[in-house]
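Summary of the model geometry
What follows is the residue order along each chain.
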Amino acid sequence: MLGWSRGYKEMSWCPEMTFRAMISSISDGIYITDSNGYCIAHNEAFLRITGIPINVVDRNVSTLIDDNLISESATLEVIRTRQRVSIITVFPSGCEALVTGNPVFDDAGNFFNVVCEVRDLSELNSLKDDLKRSKQLNKQYREILVSYNPALNNDEQKITVRDPKMQSILDELPRIGDSDATVLIYGESGVGKGLIASLLHEHSTRSTKGKFIKVDCSAIPSSLIESELFGYEGGSFTGALREGKAGLLDQGNHGTVFLDEIGELPLLLQVKLLSVLQDHKILRVGGTTPLSMDIRFVCATNRNLEKMVEEGTFRKDLYYRLNVIPVAIPPLRERKDDIFVLTISFLNKFCQKYNRNVSFVPEAMDCLYEYSWPGNVRELENIVERLVVLGQSSLIKKIDLPEKIRRVSPTMVLADIDILHPNEQEIIPLKAAVAATERQLIVQAFQQNDHLGPAAQALGIDISTLLRKCKKLGIKRVATSTVEMPV
Ligand SMILES: Nc1ncnc2c1ncn2[C@@H]1O[C@H](COP(=O)(O)OP(=O)(O)OP(=O)(O)O)[C@@H](O)[C@H]1O
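First, a word on scope: everything that follows refers to the structure included in this document. (Residues numbered from 1 in each chain as written. Predicted model: local features only at pLDDT ≥ 70, side-chain atom pairs only at ≥ 80, totals over all residues.)

Examining the nonpolar core
Operational definition: Any nonpolar core is a set of buried residues, restricted to Ala, Val, Leu, Ile, Met, Phe, Trp, Tyr and Cys, that join up through C-beta atoms within 7 Å. Exposed residues have 12 or fewer other C-beta atoms within 10 Å of their own C-beta, buried residues have 20 or more, and partly exposed residues fall in between, where C-beta atoms are placed from the backbone. Runs of E in the DSSP output that reach at least two residues are strands. Runs of H or I that reach at least four are helices, and both are numbered from the N terminus. As annotated, the domain borders come from an automatic or database domain assignment. Two residues qualify as being in contact provided that their C-beta atoms, derived from the backbone, are within 7 Å of each other.
Grouped together as the largest cluster of nonpolar side chains are 58 residues, with contacts concentrated most on Ile-185, Leu-259, Val-298, Cys-299 and Leu-380. Among the elements that take part in this core, helix α15 (residues 337-354) stands out by supplying seven residues, more than any other. When residues are assigned to domains, this core turns out to be shared by domain 2 (164-329) and domain 3 (335-408), each giving three or more. Among residues more than four places away in sequence, those in contact with Cys-299 are Leu-184, Leu-259, Ile-262 and Leu-322. Grouped together as the second largest cluster of nonpolar side chains are 38 residues, Ile-32, Leu-64, Ala-435 and Cys-470 included.

Here you go:
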C-alpha cells in the first residue's frame, strides 16, 4: 500500500500515476516529508522494512519517536542541518537499515522537502557474512591442499589422511608392521579398520612371503566357522569333501590373517584361537596331527571387549593375547580435517572410474563438513560415488546432497537438541544446551510479542543484544509477527 498526502496528489509537475509507479517499484523504502517533518508520501517498501504498523501519512516524524516506533530520525537531522544525513538504525520489524535523508530545494534555493531512502541491511549483511565464510573456507581448503601429500593418494597408497591422530597411526605402521605382535584395532564400523590391517600387512616382510586373508567372524555361521578357519580332514562330517579342505588360516600361512569383528567369535572357537596364538599350530576338524603355522594375526572390533570380558562373553586370556598392540581409529566426526581430503580423494577416484568431471561447490563441502557421518568413511565414500554417478551437472551443489546432510548446519544442530525433554542418559554439552535454551526463549518471545522492543523487554535484554543473539543462533529475520527459521 502506498501512502499519499492529499496535497501531494494534487501536484501538477509530475503526473501522479507515473510518480506512484516510480516510487513503488523501488525496493528501498522511500519516505518523504515537507520541510516541517510532516509525511507526504512513502512507498510499500518503507512499511515492509520498518514494520511501522500505523498510518504515518500526514503525521509528523517526531511523533514516531514519541511513540517509540523509531529511535532516531534522519529527517529531523536534515531539517536541522539542511544537509544530507545517513544513519544506521533498527526498526520495529527487527530490520537493521541504512537511512539516508536528502534535503530538496526549489529553484529559488528554498528548502521544501526531505526525501529519505531506507535500505534494508540484513540482506547485505547476510551476503557479507556468506562472502566472509566463503573466503574463510577457500583459505582453509587452499591450506589443506597445500599441506596435502598427494603421495598418500596414489594407487599404491590407498589411504588418505590429514588428521594428526590418523597421521600418527600411519607413521607407526612401518614399525608395527615389522614386528609379529598381534594387533587389535578398535573403531566404529566404516572407520577404516580393514584398510589399516591390510596396510600393516603391506608394510611387513610377510607381504613378500604370504597373503593377507580377511575373515569376517560375524559373517560366517557359527556351525561353519571352525571348519572355515581351521579346515577339515576328508570325510570328517556329513557333506565334507572327500579329500578334505584347507582352512582360511592355512591360506594365511606366512602372511597375515585379519579377523574382523573378533567380538562375534563363539566362545568355543575363542579357546581354539588362543591355542593357535600360543603354540603356532592348528588342528583341522577331524584331524589328529597339529600343523605348524606362521601367521601374524590382526584383529578388529567395534565392540567393547573389556566389557565383554566382564560379562563373560569374551575370554580374558584371549583378550590379553590379542591386545598386544592396540590401535584406536577415531570416528570421522572426531577427525573433521579428514573429511575434505577424503572427499577430494573419492571424487578423483569415482570421476576416473565413471569418466566424469565434477566438483563440489564450497557450500556443499561445508555441509559434508558439518554432518556427523554415523557410517564413517564408508558412508562418505558411498555418498560421493552416488553423487558422481547421478550428478546432472559438473557442479555438486547443496541441493544435490541427501536431505539428512543438507539439513545439518551448526545452528540446526543446536536447534535439534530438545532441552525440555532430554533423554535421561544423555548429557548435552553445556554450550549447546545454553544456545538451545536461548533459542527456544527467543522464539517464544517473538511468538508472544509482535515487535522487537517488547520481545527484548520480555527477555530482559536490550534490542541490540537480542539482534546479536538472533544472528548468532541463525534466527534469520524477525518479521512483525513471525520468526523465520533458517532453512
Ligand atoms: N583413510 C581412508 N582413506 C581412504 N579410504 C578409506 C579410509 N578409511 C576408510 N576408507 C575406505 O572406507 C571403506 C570402509 O573402510 P573399512 O572397511 O576398512 O572400515 P572398517 O572399519 O573395517 O568397517 P567394518 O567395521 O564395517 O568392517 C573402505 O572402502 C575403505 O577403503
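Read on for the rest.
A few points about unusual backbone geometry
A positive phi angle, near 60 degrees, is found at Asn-68, a position not held by glycine. For Asn-68, the position within the fold is in the loop between α4 (61-66) and α5 (74-81). Even without a glycine there, the phi angle at Glu-261 is positive, about 55 degrees. Along the chain, Glu-261 falls in the loop between β11 (256-260) and α12 (267-279). For Glu-261, a count of 19 C-beta atoms within 10 Å puts it in the partly exposed group.

Re the packing of helix α7 (residues 164-178) against helix α8 (residues 193-202)
Inclusion rule: Lines fitted to C-alpha atoms define the axes here, with helix axes fitted over just the stretch in contact, and angles between the N-to-C directions of these axes take values from 0 to 180 degrees. Throughout this description, any angle smaller than 35 degrees is read as roughly parallel, any larger than 145 degrees as roughly antiparallel, any in the 65 to 115 degree range as roughly perpendicular, and the remainder as oblique. Each crossing is labelled by how the near helix is turned from the far one, with a counterclockwise turn of less than a right angle marking it left-handed and a clockwise turn marking it right-handed. The residue classification treats Ala, Val, Leu, Ile, Met, Phe, Trp, Tyr, Cys and Pro as nonpolar and Asp, Glu, Lys and Arg as charged. All others, Gly included, are polar.
Look at α7 against α8: their axes get within 8 Å of each other, and the N-to-C directions meet at 45 degrees. In this view, α7 runs oblique relative to α8, as classed from their interaxial angle. Remark: the crossing between α7 and α8 carries right-handed chirality. Here Ile-169, Leu-173, Ile-176 and Gly-177 of α7 lie close against α8, whose contacting residues are Ile-196, Leu-199 and Leu-200. Looking at side-chain class alone, the contact of α7 with α8 contains six nonpolar, one polar and no charged residues.

With respect to the site of the ligand
Spelled out, the test is: Here, nearness means that the C-beta atom of a residue, built from backbone geometry, sits within 6 Å of the molecule or strand in question.
Surveying the vicinity of the ligand reveals 17 residues, the closest of which are Ser-189, Gly-192, Lys-193, Gly-194 and Val-377. When residues of the shell around the ligand are traced back to their parent elements, those giving at least two are α8 and α17 (376-390). In the shell around the ligand, the residues fall into six nonpolar, seven polar and four charged. Taken together, domain 2 (164-329) and domain 3 (335-408) each give at least three residues to the shell around the ligand, which thus spans both.

A short note on the environment of Ser-292
Among the secondary structure elements, Ser-292 is positioned in strand β13 (residues 291-292). Exposure remark for Ser-292: the 9 C-beta atoms within 10 Å place this residue in the exposed category. Placed 10 residues apart in sequence, Ser-292 and Ile-282 show a C-alpha to C-alpha distance of 6.5 Å. The contacts of Ser-292, once residues within four sequence positions are left out, are His-280 and Lys-281.

Some points on the pairing of strand β3 (residues 39-42)
Put simply, the rule is: We call two strands paired when DSSP finds no fewer than two bridges between them.
Bridging between strand β2 (residues 29-34) and β3 involves three bridges; their strand directions are antiparallel. Bridge assignment links Ile-32 to a residue of β3, and that residue is Ala-41. A loop of four residues connects β2 with β3, the two strands running antiparallel in sequence, and Gly-37 in this loop sits at a positive phi of about 95 degrees.

Considering the sheet that holds strand β14 (residues 296-301)
One key point about sheets: their strands pair by backbone hydrogen bonds, in either a parallel or an antiparallel sense. With parallel pairing, the five strands of this open sheet are ordered in space as β8-β11-β14-β7-β15. One side of each edge strand has no neighbouring strand; the edge strands of this open sheet are β8 (212-216) and β15 (325-328). Pairs of neighbouring strands in the sheet enclose a mean axial angle of 20 degrees, with direction left out of account. Of the strand pairs in this sheet, strand β7 (residues 183-186) and β15 are connected by four bridges, and their pairing is parallel. Considered in β15, the bridge of Tyr-186 is made with Ala-328. Here α8 sits on the sheet in contact with β7, β8, β11, β14 and β15, set at roughly 170 degrees to β11.

Notes on α5
Defined as follows: This arc corresponds to the set of directions leading from the helix axis out to the C-beta atoms.
Among the residues of α5, those classed as buried are Ala-74, Thr-75, Val-78 and Ile-79. All buried residues of α5 fall inside an arc of 140 degrees around its axis, so they share one side. More than 90 degrees from the buried face of α5, the exposed residues found are Arg-80 and Thr-81. Those residues of α5 that are buried are in contact with β2, α4, β4 (85-90), β5 (96-105) and β6 (111-120). Arg-82 sits one or two positions beyond α5 and adopts a positive phi of about 60 degrees.

A look at helix α16 (residues 362-370)
One full turn of an α-helix is made of 3.6 residues, so residues set three or four places apart face in the same direction. Residues of α16 that are buried: Ala-364, Met-365 and Leu-368. Considered in projection along α16, the buried side chains sweep an arc of 100 degrees and stay on one side of the axis. Taken together, the buried residues of α16 touch α15, β16 (359-360), β17 (395-396) and α18 (403-406).

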